[in-house]
Amino acid sequence: MNTMAFQTLRALSDGAFHSGEDIAGALGVTRGAVWYGIRDISAAGLAVEKVRGRGYRLQVPVSLLDADVVRSDLPANTAWRVEICNRVDSTNAELLRRAAQGAASGLVLAAEMQTAGRGRRGRVWHSRIGSTLTFSVLWRFAQGTRELAGLSLAVGVALLRAVQAAGAPDARLKWPNDAVLRGGKLAGILIEMHGDLLGPSAAVIGIGINVRRDPRIGAVVEQPVADLESAAGSCVDRNRLLAGLLQALEEVIGIFSAQGFTALREEWQGGHVYQDCRVDLLRPDGSLLSGIARGAGEDGALQLETAGGLVHVHSGEVSLRAGQAAA
Ligand code: BTN
């Protein structure tokens, strides 16, 4: 979608009828330009109804991101500086570029649309306008990247607090980086580092959350997908969700910076969907390692109790699933 289509979408986001003439007048463009905007919105998967004499309306209203609304939900002394953009390749990629140019800690970028969203292990992160929340934050640490190994699990704690508060109390974490709900993936975290092993360093923390059920996401993602609105049973305002996440992140990053992951470990383990359960770890070569998930180490490694003893598994290329045998 181009800028014009996004402007048209903002004009329609309340779900009320708006005539083509009114939209064109408000945006200072022709009715033809509005028509192209409507066409692009429909092509992006947002159904637009057209009724003679009344105009256009979205079949389902969307809460579009608004930096002022997010800021108004944050405390006055927040560490975050919030930016919203319509479209970017990847919010992580953009904040890595900004970090390299010297951007200060606390920068937040949320995007309505990513054209090259990145997931873990080189995967694509699929998102849809209005249905997902995709954002990244830049945080600078005095520590080196070596000491930040547990950061992604710490961020998981913040993610879990925020989605539970937003209406999904049954959400859980799945080592290393997912939030899951009733067997489906609700959200993912991708952390990309910039800096030295010994410090200082910068982390770009990217989070993607499925907010609204969107069959087109389910169709392209290989695993079951969950969404926040189905759990909450009502519309979730993405601006409030983002503000809640930012507050949780600020608290958790503060604890992590001062005390490391150890101070958050108990909470993480309490939220881990497979804590003390039998799991199978699938290695890149296709082999399986089975054992009981006993928790996470200071460095974020999964502690797996196997027949041969306790094994510390680093996230790398493995994937985790429920074990075939009972624990
Ligand atoms: C995963 O589960 O594989 C991690 C997904 C992370 C997706 C988010 S969306 C915002 C940020 N920008 C990206 O390109 N990726 C992360």
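Above this text sits the structure in question.
Note that the structure is predicted; figures quoted are calculated from it, not measured.

K.L.:
For the environment of leucine 9, give the residues involved together with the corresponding values.
P.N.:
As for its placement among the helices and strands, leucine 9 is situated in helix 1 (residues 3-12). In contact with leucine 9, other than residues within four places in its own chain, are Met1, Ile41, Leu46, Leu58, Val62, Leu64 and Ile129.

K.L.:
How would you explain the nonpolar core if you had to name every residue and give the values?
P.N.:
Core analysis: the largest hydrophobic core is formed by 64 residues, its most contacted members being Phe135, Ile209 and Leu246. If we skip the residues at most four places from it in the chain, leucine 246 touches Val70, Leu74, Trp80, Val82, Val108, Phe135 and Val137.

K.L.:
Now, about the environment of threonine 3: what can you tell me, with residues and values included?
P.N.:
Turning to its location among the elements, threonine 3 is positioned in helix 1. Residue classification places threonine 3 among the exposed positions, given a relative accessible area of 53%. Along the sequence, threonine 3 and glycine 37 sit 34 residues apart, while their C-alpha atoms lie 8.8 Å from each other.

K.L.:
I'd like a description of the side chain of glutamine 114, backed by residues and values.
P.N.:
Its place among the elements puts glutamine 114 in strand 4 (residues 107-114). Once you skip the residues sitting within four places of it in the chain, glutamine 114 turns out to touch Val88, Asp89, Ser90, Thr91, Trp125, Ser127 and Thr134.

K.L.:
Can you explain the site of the ligand? Please cite residues and give values.
P.N.:
Contacts to the ligand come from 20 residues, most closely from Ser90, Gln114, Arg118, Arg120 and Lys185. Interatomic distance of 2.7 Å between a side-chain N/O atom of serine 90 and an oxygen atom of the ligand. One nitrogen or oxygen atom from the side chain of lysine 185 is found 2.5 Å from an oxygen atom belonging to the ligand. If the ligand stood free it would expose 410 Å²; the protein chains cover 98% of that surface. Going through the elements one at a time, helix 5 (91-100), strand 5 (132-141), strand 8 (184-195) and strand 9 (201-210) are the ones with two or more residues in the shell around the ligand. In the shell around the ligand, the residues fall into five nonpolar, eleven polar and four charged.

K.L.:
Just give me the short version of the pattern of salt bridges, but keep the residues and values in it.
P.N.:
In total, this model carries 18 salt bridges according to the counting rule given. When the shortest N-O distance is used, the salt bridge between glutamate 83 and arginine 98 registers 2.9 Å. A residue pair is termed long-range when its members are at least 10 positions apart, and glutamate 83 in strand 3 (residues 81-88) and arginine 98 in helix 5 qualify at 15 residues. Relative accessible area serves as the criterion here: at 32%, glutamate 83 is assigned to the partly exposed category.

K.L.:
How would you summarise helix 1 if you had to cite specific residues and measurements?
P.N.:
Among the residues of helix 1, Met4, Ala5, Phe6, Thr8, Leu9 and Leu12 are the ones counted as buried. On its buried face, helix 1 sits against helix 2 (20-27), helix 3 (31-43), strand 1 (48-51), strand 2 (55-58), strand 3 and strand 4.

Reading guide: rules and limits
- Residues numbered from 1 in each chain as written.
- Predicted model: local features only at pLDDT ≥ 70, side-chain atom pairs only at ≥ 80, totals over all residues.
- Heavy atoms only, no water.
- Helix = DSSP H or I, 4+ residues; strand = E, 2+ residues; numbered from the N terminus.
- Contact = heavy atoms within 4.5 Å.
- Core = buried A, V, L, I, M, F, W, Y, C linked by side-chain atoms within 4.5 Å.
- Buried < 20%, exposed > 50% of the residue type's maximum accessible area, 1.4 Å probe, protein only.
- Near = heavy atom within 4 Å.
- Polar contact = N/O pair within 3.5 Å; in protein donor to acceptor, adjacent residues only side chain to side chain.
- Areas by Shrake-Rupley, 256 points an atom, 1.4 Å probe, with all protein chains shown as cover.
- Nonpolar A, V, L, I, M, F, W, Y, C, P; charged D, E, K, R; others polar.
- Salt bridge = Lys/Arg side-chain N within 4 Å of Asp/Glu carboxyl O.

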